[in-house]
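# Per-entry structural report
Chain residues, written in single-letter form:
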Amino acid sequence: MDAVVDGLGGPEVWSGVPPTFEELDVDRGVVRYRLSVPGPRGPYDLRVLGLRDRAVTFVDGMPGPVLCDEAYAGPDTAGAAAEQGGAGLIGPVAGPAEVELWVESLGRVNYGPRLGESKGITGGVLHERQYLHGVRARGLRLDAVEDTAAVAGLAFEAPRAGARGLHRGSVVVPAGGVGDALLELPGWTRGFVWVGGFPLGRYWSAGPQRSLYVPGPCLREGANEVLILELEGAAPGGAAVTGTDGPSAEAPRLIP
(Lines give C-alpha, C1' and ligand atoms only; values in the text may rest on other atoms or scores of the structure.)
Protein backbone atom coordinates (compact mmCIF):
# COMPACT_ATOMS: atom_id res chain seq x y z
CA MET A 1 0.00 0.00 0.00
CA ASP A 2 2.94 2.33 0.65
CA ALA A 3 4.05 1.87 -2.96
CA VAL A 4 0.61 3.01 -4.14
CA VAL A 5 0.44 6.21 -2.09
CA ASP A 6 4.09 7.02 -2.79
CA GLY A 7 3.62 6.51 -6.53
CA LEU A 8 0.16 8.05 -7.01
CA GLY A 9 -0.37 10.25 -3.95
CA GLY A 10 0.30 13.89 -3.29
CA PRO A 11 3.31 15.31 -1.45
CA GLU A 12 3.96 14.27 2.13
CA VAL A 13 3.05 17.04 4.58
CA TRP A 14 4.69 17.50 8.00
CA SER A 15 2.45 19.17 10.56
CA GLY A 16 2.16 19.67 14.28
CA VAL A 17 -1.36 18.23 14.21
CA PRO A 18 -3.03 15.83 11.74
CA PRO A 19 -4.09 17.76 8.61
CA THR A 20 -7.58 17.10 7.27
CA PHE A 21 -8.46 15.71 3.86
CA GLU A 22 -9.35 19.22 2.74
CA GLU A 23 -5.95 20.58 3.77
CA LEU A 24 -4.32 17.79 1.73
CA ASP A 25 -6.57 18.46 -1.31
CA VAL A 26 -8.24 15.03 -1.07
CA ASP A 27 -11.95 15.08 -1.84
CA ARG A 28 -12.38 11.30 -2.24
CA GLY A 29 -9.73 8.80 -1.22
CA VAL A 30 -7.49 7.85 1.69
CA VAL A 31 -4.81 9.55 3.79
CA ARG A 32 -1.83 7.87 5.44
CA TYR A 33 -0.92 9.42 8.80
CA ARG A 34 2.39 8.55 10.50
CA LEU A 35 3.16 9.44 14.11
CA SER A 36 5.80 8.57 16.69
CA VAL A 37 5.02 7.70 20.30
CA PRO A 38 7.93 9.02 22.40
CA GLY A 39 9.67 6.82 24.92
CA PRO A 40 10.57 5.03 26.92
CA ARG A 41 7.14 5.12 28.49
CA GLY A 42 4.56 2.64 29.67
CA PRO A 43 1.77 0.98 27.65
CA TYR A 44 -0.84 3.73 27.86
CA ASP A 45 -4.02 3.83 25.77
CA LEU A 46 -3.63 5.35 22.30
CA ARG A 47 -6.79 7.05 21.09
CA VAL A 48 -7.86 8.84 17.90
CA LEU A 49 -10.15 11.82 18.48
CA GLY A 50 -12.54 13.11 15.86
CA LEU A 51 -12.05 10.27 13.35
CA ARG A 52 -13.85 10.88 10.06
CA ASP A 53 -14.61 8.17 9.14
CA ARG A 54 -12.68 4.87 9.18
CA ALA A 55 -9.05 3.94 9.88
CA VAL A 56 -6.86 0.87 9.35
CA THR A 57 -4.14 1.02 12.02
CA PHE A 58 -0.61 -0.33 12.44
CA VAL A 59 1.76 -0.13 15.42
CA ASP A 60 5.43 -0.84 14.66
CA GLY A 61 4.30 -2.49 11.44
CA MET A 62 1.86 -4.86 13.12
CA PRO A 63 -1.87 -4.60 12.29
CA GLY A 64 -4.05 -2.97 14.93
CA PRO A 65 -7.83 -2.61 15.16
CA VAL A 66 -9.93 -1.07 12.39
CA LEU A 67 -11.45 2.09 13.83
CA CYS A 68 -14.69 3.71 12.77
CA ASP A 69 -16.51 6.90 13.63
CA GLU A 70 -19.36 5.88 15.94
CA ALA A 71 -21.87 7.52 13.60
CA TYR A 72 -20.80 5.14 10.79
CA ALA A 73 -19.98 1.99 12.81
CA GLY A 74 -20.98 -1.11 10.87
CA PRO A 75 -21.52 -4.73 11.97
CA ASP A 76 -17.80 -5.53 11.73
CA THR A 77 -16.66 -2.66 13.98
CA ALA A 78 -19.53 -1.76 16.33
CA GLY A 79 -19.01 -4.68 18.70
CA ALA A 80 -15.25 -4.32 18.78
CA ALA A 81 -15.55 -0.59 19.42
CA ALA A 82 -17.82 -1.22 22.40
CA GLU A 83 -15.40 -3.77 23.84
CA GLN A 84 -12.47 -1.35 23.40
CA GLY A 85 -14.29 1.41 25.20
CA GLY A 86 -14.78 3.67 22.21
CA ALA A 87 -14.65 3.76 18.43
CA GLY A 88 -11.31 5.64 18.41
CA LEU A 89 -9.35 3.46 20.85
CA ILE A 90 -6.34 1.61 19.40
CA GLY A 91 -5.34 0.14 22.76
CA PRO A 92 -2.28 0.13 25.03
CA VAL A 93 0.90 1.19 23.21
CA ALA A 94 4.30 1.45 24.90
CA GLY A 95 6.80 4.03 23.71
CA PRO A 96 8.84 4.40 21.66
CA ALA A 97 6.61 3.21 18.81
CA GLU A 98 5.74 4.10 15.23
CA VAL A 99 2.06 4.37 14.37
CA GLU A 100 0.36 4.41 10.97
CA LEU A 101 -3.29 5.21 10.36
CA TRP A 102 -4.86 4.83 6.93
CA VAL A 103 -8.00 6.95 7.08
CA GLU A 104 -10.87 6.69 4.58
CA SER A 105 -13.84 8.97 4.08
CA LEU A 106 -17.17 7.17 3.87
CA GLY A 107 -18.90 10.03 2.10
CA ARG A 108 -20.53 13.33 2.96
CA VAL A 109 -24.02 14.57 3.74
CA ASN A 110 -25.77 17.65 2.38
CA TYR A 111 -28.08 18.25 5.34
CA GLY A 112 -28.13 18.39 9.13
CA PRO A 113 -25.47 19.15 11.76
CA ARG A 114 -22.67 17.35 9.87
CA LEU A 115 -23.03 19.49 6.78
CA GLY A 116 -19.61 20.62 5.56
CA GLU A 117 -17.65 18.55 8.12
CA SER A 118 -13.96 17.94 7.55
CA LYS A 119 -12.66 14.43 6.91
CA GLY A 120 -9.59 12.71 8.36
CA ILE A 121 -8.35 12.98 11.94
CA THR A 122 -10.02 16.14 13.16
CA GLY A 123 -9.27 15.99 16.90
CA GLY A 124 -5.74 14.66 17.21
CA VAL A 125 -4.13 11.48 18.56
CA LEU A 126 -3.90 11.09 22.32
CA HIS A 127 -1.42 8.85 24.20
CA GLU A 128 -2.93 8.66 27.66
CA ARG A 129 -3.28 12.45 28.30
CA GLN A 130 -0.63 13.71 25.86
CA TYR A 131 -1.37 14.75 22.30
CA LEU A 132 1.12 13.43 19.75
CA HIS A 133 2.69 16.01 17.45
CA GLY A 134 4.96 15.82 14.43
CA VAL A 135 2.50 14.16 12.05
CA ARG A 136 3.50 13.08 8.53
CA ALA A 137 0.51 12.84 6.22
CA ARG A 138 0.14 11.90 2.56
CA GLY A 139 -3.12 11.77 0.63
CA LEU A 140 -4.23 9.55 -2.24
CA ARG A 141 -7.06 10.88 -4.37
CA LEU A 142 -9.18 8.19 -6.01
CA ASP A 143 -8.98 9.90 -9.39
CA ALA A 144 -5.19 9.37 -9.33
CA VAL A 145 -5.87 5.67 -9.98
CA GLU A 146 -7.54 6.69 -13.25
CA ASP A 147 -4.21 8.09 -14.53
CA THR A 148 -3.17 5.28 -16.88
CA ALA A 149 0.41 6.46 -17.30
CA ALA A 150 0.97 6.80 -13.54
CA VAL A 151 -0.50 3.36 -12.80
CA ALA A 152 1.66 1.83 -15.55
CA GLY A 153 4.72 3.17 -13.74
CA LEU A 154 3.99 1.18 -10.57
CA ALA A 155 6.01 -1.98 -9.92
CA PHE A 156 3.38 -4.72 -9.67
CA GLU A 157 4.86 -7.67 -7.79
CA ALA A 158 3.96 -11.33 -7.38
CA PRO A 159 1.00 -11.96 -5.03
CA ARG A 160 1.60 -12.31 -1.28
CA ALA A 161 -1.04 -13.70 1.06
CA GLY A 162 -3.14 -11.32 3.15
CA ALA A 163 -1.71 -8.12 1.66
CA ARG A 164 -3.25 -4.73 0.95
CA GLY A 165 -2.57 -2.58 -2.07
CA LEU A 166 -3.45 -1.95 -5.70
CA HIS A 167 -4.09 -5.10 -7.74
CA ARG A 168 -4.24 -5.38 -11.50
CA GLY A 169 -5.94 -8.15 -13.45
CA SER A 170 -8.41 -8.61 -16.27
CA VAL A 171 -11.77 -10.11 -17.15
CA VAL A 172 -12.48 -11.46 -20.63
CA VAL A 173 -15.68 -10.68 -22.53
CA PRO A 174 -16.38 -13.18 -25.34
CA ALA A 175 -17.32 -12.04 -28.84
CA GLY A 176 -20.89 -10.80 -28.88
CA GLY A 177 -21.04 -10.81 -25.09
CA VAL A 178 -20.80 -7.08 -24.41
CA GLY A 179 -23.63 -5.83 -22.19
CA ASP A 180 -24.49 -4.99 -18.61
CA ALA A 181 -22.82 -7.33 -16.14
CA LEU A 182 -21.96 -7.91 -12.48
CA LEU A 183 -18.44 -8.10 -11.06
CA GLU A 184 -17.97 -10.47 -8.11
CA LEU A 185 -15.00 -10.19 -5.74
CA PRO A 186 -14.94 -13.42 -3.68
CA GLY A 187 -12.65 -13.17 -0.68
CA TRP A 188 -11.94 -9.44 -0.94
CA THR A 189 -12.61 -7.32 2.15
CA ARG A 190 -12.97 -3.62 1.42
CA GLY A 191 -11.88 -1.15 -1.23
CA PHE A 192 -12.57 0.31 -4.66
CA VAL A 193 -12.76 -1.13 -8.19
CA TRP A 194 -12.13 0.23 -11.69
CA VAL A 195 -12.92 -1.60 -14.95
CA GLY A 196 -11.34 -0.24 -18.12
CA GLY A 197 -10.53 2.98 -16.25
CA PHE A 198 -14.15 3.49 -15.15
CA PRO A 199 -14.70 3.68 -11.36
CA LEU A 200 -17.36 1.12 -10.42
CA GLY A 201 -17.45 2.10 -6.75
CA ARG A 202 -16.72 0.73 -3.29
CA TYR A 203 -17.07 -2.89 -2.16
CA TRP A 204 -17.35 -4.09 1.44
CA SER A 205 -17.65 -7.69 2.59
CA ALA A 206 -19.45 -6.68 5.82
CA GLY A 207 -22.76 -5.93 4.13
CA PRO A 208 -25.22 -7.75 1.88
CA GLN A 209 -23.38 -6.63 -1.25
CA ARG A 210 -22.02 -9.53 -3.29
CA SER A 211 -21.25 -7.85 -6.61
CA LEU A 212 -20.81 -4.51 -8.37
CA TYR A 213 -22.89 -3.43 -11.36
CA VAL A 214 -20.84 -2.97 -14.55
CA PRO A 215 -22.56 -0.86 -17.25
CA GLY A 216 -22.29 -2.39 -20.70
CA PRO A 217 -20.56 0.67 -22.29
CA CYS A 218 -17.62 0.15 -19.88
CA LEU A 219 -16.81 -3.23 -21.44
CA ARG A 220 -15.35 -4.27 -24.75
CA GLU A 221 -14.84 -7.66 -26.37
CA GLY A 222 -11.67 -9.38 -25.19
CA ALA A 223 -9.61 -8.53 -22.13
CA ASN A 224 -10.76 -5.67 -19.88
CA GLU A 225 -8.35 -4.36 -17.24
CA VAL A 226 -9.54 -4.48 -13.62
CA LEU A 227 -7.89 -2.43 -10.85
CA ILE A 228 -8.72 -3.21 -7.22
CA LEU A 229 -7.57 -0.98 -4.38
CA GLU A 230 -7.82 -3.26 -1.33
CA LEU A 231 -7.65 -1.21 1.88
CA GLU A 232 -7.86 -3.79 4.66
CA GLY A 233 -6.34 -7.00 3.32
CA ALA A 234 -7.91 -9.76 1.27
CA ALA A 235 -9.09 -12.93 2.97
CA PRO A 236 -6.95 -16.10 2.59
CA GLY A 237 -7.53 -17.99 -0.65
CA GLY A 238 -6.22 -18.56 -4.15
CA ALA A 239 -4.77 -15.61 -6.06
CA ALA A 240 -5.04 -14.89 -9.75
CA VAL A 241 -4.28 -11.19 -10.05
CA THR A 242 -1.04 -9.36 -9.30
CA GLY A 243 -0.51 -6.38 -7.03
CA THR A 244 2.04 -3.95 -5.70
CA ASP A 245 1.56 -5.49 -2.28
CA GLY A 246 -0.07 -8.68 -3.54
CA PRO A 247 -3.61 -10.01 -3.07
CA SER A 248 -4.78 -13.18 -1.39
CA ALA A 249 -8.25 -13.71 -2.81
CA GLU A 250 -9.89 -15.23 -5.84
CA ALA A 251 -9.76 -13.40 -9.15
CA PRO A 252 -12.72 -11.13 -9.91
CA ARG A 253 -15.51 -12.81 -11.85
CA LEU A 254 -17.66 -11.11 -14.47
CA ILE A 255 -21.24 -12.39 -14.48
CA PRO A 256 -23.28 -11.54 -17.62
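Scope of this entry: the structure provided in the associated data block.

## Considerations on the pairing of strand E10 (residues 181-184)
By the alternation rule, side chains of E10 split into Ala181 and Leu183, which are all buried, and Leu182 and Glu184, of which none is buried. In this structure, E10 lies alongside strand E13 (residues 211-214), joined through four bridges in antiparallel fashion. Counted as the bridge partner of Ala181 is Val214 from E13.

## Here's the deal with the nonpolar core
Among the nonpolar cores identified, the biggest contains 24 residues, and Tyr33, Leu46, Leu101 and Val103 are the most heavily contacted of them. Of all the secondary structure elements, the ones that give two or more residues to this core are strand E2 (29-52), strand E3 (54-59), strand E5 (89-104), strand E6 (120-127) and strand E8 (135-141). Looking at which element gives the most residues to this core, the answer is E2, with seven residues. Not counting residues up to four positions away in its chain, the partners in contact with Leu46 are Val37, Gly88, Leu89, Ile90, Gly91, Val93, Val99, Val125, Leu126, His127 and Leu132. Counting 21 residues, the second-largest nonpolar core is a separate cluster that includes Val5, Phe58, Val145 and Leu166.

## Describing the packing of aromatic side chains
If you walk through the whole model with that rule in mind, you get zero aromatic pairs. One cation-aromatic arrangement involves Arg136 over Trp14; the distance from NZ or CZ to the ring centre is 5.5 Å. In this arrangement the basic side chain of Arg190 is found over the ring face of Trp204, its NZ or CZ atom lying 3.8 Å from the centre.

## Considering the side chain of Arg138
Mapped onto the elements, Arg138 comes out in strand E8. Apart from residues lying up to four places away in sequence, Arg138 is in contact with Val5, Asp6, Gly9, Gly10, Pro11, Glu12, Val30, Val31 and Arg32.

## A short note on unusual backbone geometry
Between Gly39 and the following residue, Pro40, the backbone shows a cis peptide bond with an omega angle of 10 degrees. Position of Pro40 among the secondary structure elements: in strand E2. Located in the positive-phi region is Asp25, a residue other than glycine, with phi close to 60 degrees. If you trace the backbone, Asp25 turns up in the loop between strand E1 (13-15) and E2. Overall, Asp25 belongs to the exposed group, its relative accessible area being 55%. If you check the backbone angles, Asp60 has positive phi at about 50 degrees while not being a glycine. Here Asp60 is to be found in the loop between E3 and strand E4 (62-68). Exposure remark for Asp60: the relative accessible area of 49% places this residue in the partly exposed category.

Definitions and limits used
- Residues numbered from 1 in each chain as written.
- Predicted model: local features only at pLDDT ≥ 70, side-chain atom pairs only at ≥ 80, totals over all residues.
- Heavy atoms only, no water.
- Buried < 20%, exposed > 50% of the residue type's maximum accessible area, 1.4 Å probe, protein only.
- Helix = DSSP H or I, 4+ residues; strand = E, 2+ residues; numbered from the N terminus.
- Pairing = 2+ DSSP bridges.
- Core = buried A, V, L, I, M, F, W, Y, C linked by side-chain atoms within 4.5 Å.
- Contact = heavy atoms within 4.5 Å.
- Phe/Tyr/Trp six-rings, centres within 6.5 Å; stacked < 30°, edge-to-face > 60°.
- Lys NZ or Arg CZ within 6 Å of the ring centre and 35° of its normal.

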